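Inside the fold
If you want the building blocks of each chain, they are given just below.
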Amino acid sequence: MSDDTVRLSMVGQVLRRRWRALLILVVVGAGVGAGASVVLSPGYETTASVLLQGPRQADELLTQAQVATSSVVLDRAAAGLGMRDSGPDLQKKVTASVAQGNVVAITASSDTPQHAQQLADQVANEFVKYSTQLLSNSAGTSAQLAQEQREALRQQVAQTNQRILDLSRSVTDGQTVEGVQVRTELQGLRTSLEQAMNNLNAADAATGAGNMVVMGPSEKPTAQAPPTLVQLAGGGAILFFLIGLLSYLFGARSDRRPRSETEIGSALGAPVLASVDVPETGERERAGGFRGALSRITGSDKPWNLPEVPASADEASREVRYRRVFARLGTDRDGVLRLLVLVAAGDRAARAAAAQFAKVAETERVRVELTITEVTVGAGVQPTVPDGTAGVLVVLSVGSRSAWELVAIAEACADAGHEVLGVVLTRQVRVTGKPRREPAAADQPQVPADRDAMAGTS
């Protein structure tokens, strides 16, 4: 089986057995995304454009964009609209940028299309008024200086023209040395004249550089600007779903606990005698509290990556499996089966199976001396088993212990003088309704009378 097939199979198992948990994560993610829309969603957006006439430098355009979002302009816009927000509050809703063609684009956002349009237009108008006011305050000195510069340039142009005329009259022969010098001087005068005319044109254009105009009203937005509430809610749902799915897959990938009978038997050095199902009705009743209820609701109360095991038809059919385990173990020379049943501490399903073994042993035809002992197994803990010479039957849930923990149990048994005779694996199953104590007549199992027949395949 290829890796892609294995991955798809694992994804299918997660979706089939953890769909309720993933559904809860989707709902939570959608709620988080909807809550984030209060902060991240801009609402409705529209843009108003202001044209700055005349030649402009790039730095000057950036300065004008900063003026458009200054607290003075925004305070005046809020006052003009009768809003309670101040300038610093509106700075979160209004932005300005420089577009091509000496245009300052003012973008405003609000919770309704009408408010967004009104805010953008009002800020644009206040920006033009404030910039015009700044220019008019400094118009006295700057206008006088500009006038003096223009007069000086005009005088320079007139003098240059007169000099060119005089030189043109004095030139009689263009082939003499003097003629060449005159032509050279005339060329320099023409260059000086062109430069003076360019400066004069620039000075005249600078007088109208302060003109600004609003390029019409802004458009009324017809839809919310991204990211919208729906987009954030959908993104949150998808994100939480993927996080949950990848968490399950990563947890299964990093979990190295053996789950097959061959691996478990090899770690304990004994054969797996049987796999018995343990009804989880009693377990679910004991697992109370919020955490237990949440596990039952989400379906996380049992591993998702273990193969499903069908439940026995009734208690009588289940007891047959336990009797077959005793039959497979055999007896000592004196006809007595002496067993030490080891159950890992905290393994409730294995504890329930061990209790069922003790119950069946009381009704078994062969004499069984059964002792149940819990052994503490964990990281950094060396398990201890009571001394003796009885055979050991290890009862544990599938996938509950690592290979090193199973090896530690086998070593503890050997150190105490016990021989591990076999392993019984328990699997929890969900029983609907009240379990039957006796099977139906048509389903009545035929239990062999002799012990050798009882040791058949389960």
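Residues numbered from 1 in each chain as written. Predicted model: local features only at pLDDT ≥ 70, side-chain atom pairs only at ≥ 80, totals over all residues. Heavy atoms only, no water.

1. Considerations on the overall build of the protein
Our working rule: Each helix corresponds to a stretch of at least 4 residues labelled H or I by DSSP, and each strand to a stretch of at least 2 residues labelled E; elements are numbered beginning at the N terminus. Relative accessibility under 20% of the residue-type maximum defines a buried residue, over 50% an exposed one, and the middle range a partly exposed one, all with a 1.4 Å probe and only protein chains included. Here the open area of atoms and residues is found with the Shrake-Rupley method and a 1.4 Å probe, where only the protein chains shown may cover a residue.
Secondary structure assignment for the protein yields 16 helices and nine strands. By residue count, 37% of the 458 residues in the protein fall in the buried class. When the accessible surface of the protein is split by element, carbon and sulfur atoms take 54% of a total near 26100 Å².

2. Here we look at the pairing of strand β7 (residues 367–375)
Along a regular strand, successive side chains alternate from one face of the sheet to the other. Using the following cut-off: DSSP calls a pair of strands paired once it identifies at least 2 bridges connecting them.
Looking at chain direction, strand β6 (residues 336–344) and β7 are connected through nine bridges and run parallel. In the strand pairing of β7, L342 is matched with T373.

3. A few points about the packing of aromatic side chains
What counts here: Think of it this way: a Phe, Tyr or Trp ring, Trp meaning its six-membered ring, pairs with another when their centres are within 6.5 Å, and the plane angle makes it stacked under 30 degrees, edge-to-face over 60, tilted otherwise.
For the coordinates displayed, the defined rule picks out two aromatic pairs. On the numbers, 4.7 Å between centres and 80° between planes, the contact of Y322 with F357 is edge-to-face. With Y322 in helix α13 (residues 315–329) and F357 in helix α14 (residues 348–363), this residue pair connects regions lying 35 residues apart in the sequence. Using a relative accessible area of 2% as the deciding quantity, one classes Y322 as buried. For the pair F326 and F357, a centre-to-centre distance of 5.6 Å together with 65° between the ring planes defines the contact as edge-to-face. In this pair, F326 is assigned in helix α13 and F357 in helix α14, connecting sequence segments 31 residues apart. Assigned by exposure class, F326 and F357 land together as buried. One aromatic cluster is present, built from ring pairs that chain together Y322, F326 and F357.

4. Looking at the pattern of salt bridges
This is how it is decided: Here, a salt bridge means any Lys or Arg side-chain nitrogen found within 4 Å of an Asp or Glu carboxyl oxygen.
Applying the stated rule across the entire model yields seven salt bridges. For the salt bridge of E319 with R323, the shortest nitrogen-to-oxygen distance reads 3.7 Å. Placement of both E319 and R323 in helix α13 is noted, with a separation of four residues, approximately one turn of the helix. Look at R323 and you get buried, because its relative accessible area is 19%. Between R351 and E374 there is a salt bridge, with the nearest N and O atoms lying 3.9 Å from each other. Within this pair, whereas R351 is found in helix α14, its partner E374 is found in strand β7, the two being separated by 23 residues in sequence. Overall, R351 belongs to the partly exposed group, its relative accessible area being 38%. A cluster of three or more residues bridged by salt bridges with shared partners is formed by R338, R367 and E369.

5. Here we look at helix α2 (residues 19–40)
Short version of the rule: One less than the number of residues in a helix, times 1.5 Å, gives the span that helix is expected to have. It is the directions from the helix axis to the C-beta atoms whose arc is reported.
An ideal rise of 1.5 Å per residue puts 32 Å on 22 residues; α2 measures up with 30 Å between its terminal C-alpha atoms. Of the residues making up α2, those classed as buried are A21, L22, G29, G33 and S37. Down the axis, α2 shows its buried residues gathered within 155° of arc, on one side only. Those residues of α2 that are exposed and angled more than 90 degrees off the buried face are V27 and V38.

6. Looking at the packing of α13 against α14
Let me state the cut-off plainly: Here an angle of 0 to 180 degrees is reported between the N-to-C directions of two axes, which are lines fitted to C-alpha atoms, with helices fitted over the stretch in contact. Roughly parallel covers angles under 35 degrees, roughly antiparallel covers those over 145, roughly perpendicular covers 65 to 115, and oblique covers all other angles. Contact definition: two residues touch when any of their heavy atoms are within 4.5 Å. When residues are grouped by polarity, Ala, Val, Leu, Ile, Met, Phe, Trp, Tyr, Cys and Pro land in nonpolar, Asp, Glu, Lys and Arg in charged, and all others, Gly among them, in polar.
Where α13 meets α14, the axes come as close as 10 Å, and the angle between the chain directions of the two elements is 75°. In terms of axis orientation, α13 runs roughly perpendicular to α14. The residues of α14 that touch α13, namely those facing E319, Y322, R323, V325 and F326, are A353, Q356, F357, V360, A361 and T363. Classifying every residue of the contact of α13 with α14 gives seven nonpolar, two polar and two charged.

7. Observations regarding the UniProt feature "transmembrane region" (unreviewed entry) in the protein
Definition in use: UniProt positions are given in the numbering used here, feature names are shortened, and annotations may be inferred rather than shown by experiment.
What UniProt calls "transmembrane region" (unreviewed entry) maps, in this numbering, to residues 21–40 and 229–250. Here residues 21–40 is 100% helix and 0% strand, with 28 Å between the C-alpha atoms at its ends. For residues 229–250, the end-to-end C-alpha separation is 31 Å, with 100% helix and 0% strand making up the annotated structure.

8. A few points about the sheet that holds strand β8 (residues 391–397)
Reading across the sheet, the five strands line up as β5-β9-β8-β6-β7 and stay open at both edges, with parallel pairing between neighbours. Each edge of the sheet is formed by a strand with only one pairing partner; in this case those strands are β5 (272–279) and β7. Averaged over all adjacent pairs, the angle separating strand axes in this sheet is 25°, with direction ignored. Summarising the sheet, β5 and strand β9 (residues 419–429) pair through seven bridges and their orientation is parallel.

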